[in-house]
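Here is how the chains run, residue by residue.
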Amino acid sequence: MPEWSQAGGWGLLAGSALLLGAALGWFVPVPRRVIASIMAFGAGVLLSAVSFELIAEAHEQGGLLPTAVGAAGGALAYTGANVLLARRGARHRKRSGAQPSEQEAPGSGSAIAVGALLDGIPESVVIGASLLTGGPVSLVTVVAVFLSNVPEGLSSAAGMRRAGRSSRYVFALWAGIALVSGLAALAGYTLLGGAPPEVLASITALAAGAILAMITDTMVPEAFEDAHLLVGLITVAGFLTAFALSHA
């Protein structure tokens, strides 16, 4: 199988977890404390992947300066876009109980859709770019993104249902984002092929910075909205799970 199609396939697989999580959030009455626990686990998984896969790889490829500049740029770009989306009603797009309805915030449905794309694209680009080293895809990154996407889809779909959005909107949104995830991974492979190591390092770090900003801005607040005494322990469990996978 050509590597470009592998890149798209791995991105689609990781993105499909959003659809799986959305189905659970829509059809299964998951208690909000359970949602918070699952989100905490997913945040821990992504934190580990950012630390030991993305930032470490970027530093190895291009050194400290491209890594630092890329990570800062990714965080700034994500934060700036997120500020604009928050003004349109997408501030709590991953929250299971605080999302506005279309009547409360006209245009919030479109803003939530754009915000969900903003959250997923950096992860997928990194998955595709990981094939450029000539080896297999970074399985740890794929697993980390998949594991973190399930609670993201679950929590967001539960919140959308409480806000009165239709099932057609919810599942069309997440199916579309899963497809875009595959295309973003394909773009990460095709557009970055032949790029100098410093450029690859900057792009990897840029994605890492955006993901880290996303974790702290959208996943952590949901995890701790209904915090209980085990949430911190669950976050560490997710972190160690991804760490173990990276050293398996």
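Residues numbered from 1 in each chain as written. Predicted model: local features only at pLDDT ≥ 70, side-chain atom pairs only at ≥ 80, totals over all residues. Heavy atoms only, no water.

Enquirer: What should I look at first to understand the packing of aromatic side chains in this one?
Expert: Two descriptors summarise a pair of aromatic rings, namely the distance from one centre to the other and the angle between the planes of the rings. Inspection of every chain in the model, using the stated rule, returns four aromatic pairs. Between Trp26 and Phe171 the ring centres are 6.1 Å apart and the planes differ by 70°, which places this aromatic pair in the edge-to-face class. Taken together, the positions of Trp26 in helix α1 (residues 3-27) and Phe171 in helix α6 (residues 167-192) put the pair 145 residues apart, joining distant regions of the chain. Of the aromatic side chains, those joined through ring pairs into one cluster are Trp26, Phe27 and Phe171. In this arrangement the basic side chain of Arg161 is found over the ring face of Trp26, its NZ or CZ atom lying 5.3 Å from the centre. In this structure, Arg165 is placed above the aromatic ring of Tyr169, and the distance from its NZ or CZ to the ring centre is 5.7 Å. (Phe/Tyr/Trp six-rings, centres within 6.5 Å; stacked < 30°, edge-to-face > 60°. Helix = DSSP H or I, 4+ residues; strand = E, 2+ residues; numbered from the N terminus. Lys NZ or Arg CZ within 6 Å of the ring centre and 35° of its normal.)

Enquirer: I'm lost on the nonpolar core in this one. Help?
Expert: Side chains that are nonpolar tend, in soluble globular proteins, to be buried together. Core analysis: the largest hydrophobic core is formed by 18 residues, its most contacted members being Leu46, Leu54, Ile211, Met214, Ile215 and Met219. Where this core is concerned, the elements lending two or more residues are α2 (32-62) and α7 (197-225). Here this core takes nine residues from α7, the largest share from any one element. Among the nonpolar cores identified, the runner-up in size contains 10 residues, and Ala22, Trp26, Val170 and Trp174 belong to it. (Core = buried A, V, L, I, M, F, W, Y, C linked by side-chain atoms within 4.5 Å. Buried < 20%, exposed > 50% of the residue type's maximum accessible area, 1.4 Å probe, protein only.)

Enquirer: How should I be thinking about a nonpolar patch on the surface in this particular structure?
Expert: Where nonpolar side chains cluster on the molecular surface, the patch consists of Leu20, Leu24, Phe27 and Val28 and spans about 360 Å² of accessible area. Assignment of secondary structure puts Val28 in the loop between α1 and α2. (Patch = residues over 30% accessible without salt bridge, like charges linked within 9 Å, V, L, I, M, F, W, Y side chains within 5 Å. Areas by Shrake-Rupley, 256 points an atom, 1.4 Å probe, with all protein chains shown as cover. Salt bridge = Lys/Arg side-chain N within 4 Å of Asp/Glu carboxyl O.)

Enquirer: Can you help me understand the UniProt feature "transmembrane region" (unreviewed entry) in the protein chain in this one?
Expert: As annotated by UniProt and renumbered to match this structure, "transmembrane region" (unreviewed entry) occupies residues 6-27, 34-52, 64-85, 169-192, 198-215 and 227-245. Its end C-alpha atoms 25 Å apart, residues 198-215 is made of 100% helix and 0% strand. (UniProt positions renumbered as here; feature names shortened; annotations may be inferred.)

Enquirer: Where do I start with helix α8 (residues 231-246) in this structure?
Expert: It helps to recall that an α-helix has 3.6 residues per turn; residues three or four apart then point in one direction. Counted at 1.5 Å a residue, the expected span for α8 with its 16 residues is 22 Å, and the 23 Å between its end C-alpha atoms agrees. Regarding α8, the residues found buried are Val231, Thr235, Gly238 and Ala242. The buried side chains of α8 occupy one side of the element, clustering within an arc of 60° when seen end-on. Against α2, α5 (139-162) and α7 lie the buried residues of α8. (Expected span 1.5 Å × (residues − 1). Arc of directions from axis to C-beta. Contact = heavy atoms within 4.5 Å.)

Enquirer: Help me understand empty space enclosed by the protein in this model?
Expert: The probe, sized like a water molecule, is rolled over the atoms to show the empty space still left. Enumeration over the complete set of coordinates arrives at three cavities of 30 Å³ or more. Estimated volume of the second largest cavity: approximately 40 Å³. The wall of the second largest cavity is formed by Leu46, Ala49, Leu54, Glu123, Val126, Thr141, Ala144, Val145 and Ile211. Listed by contribution, the elements that provide at least two residues to the lining of the second largest cavity are α2, α4 (108-129) and α5. Residues belonging to the lining of the second largest cavity are distributed by class as follows: seven nonpolar, one polar and one charged. (1 Å grid on protein atoms, 1.4 Å probe; cavity = no way out; pocket = protein on both sides within 12 Å on 5 of 7 lines; lining within 4 Å. Points joined across faces, edges and corners; volume = space filled by probe spheres on them. Nonpolar A, V, L, I, M, F, W, Y, C, P; charged D, E, K, R; others polar.)

Enquirer: Please explain the environment of Val140 as it appears in this structure.
Expert: Mapped onto the elements, Val140 comes out in helix α5. Overall, Val140 belongs to the buried group, its relative accessible area being 11%.

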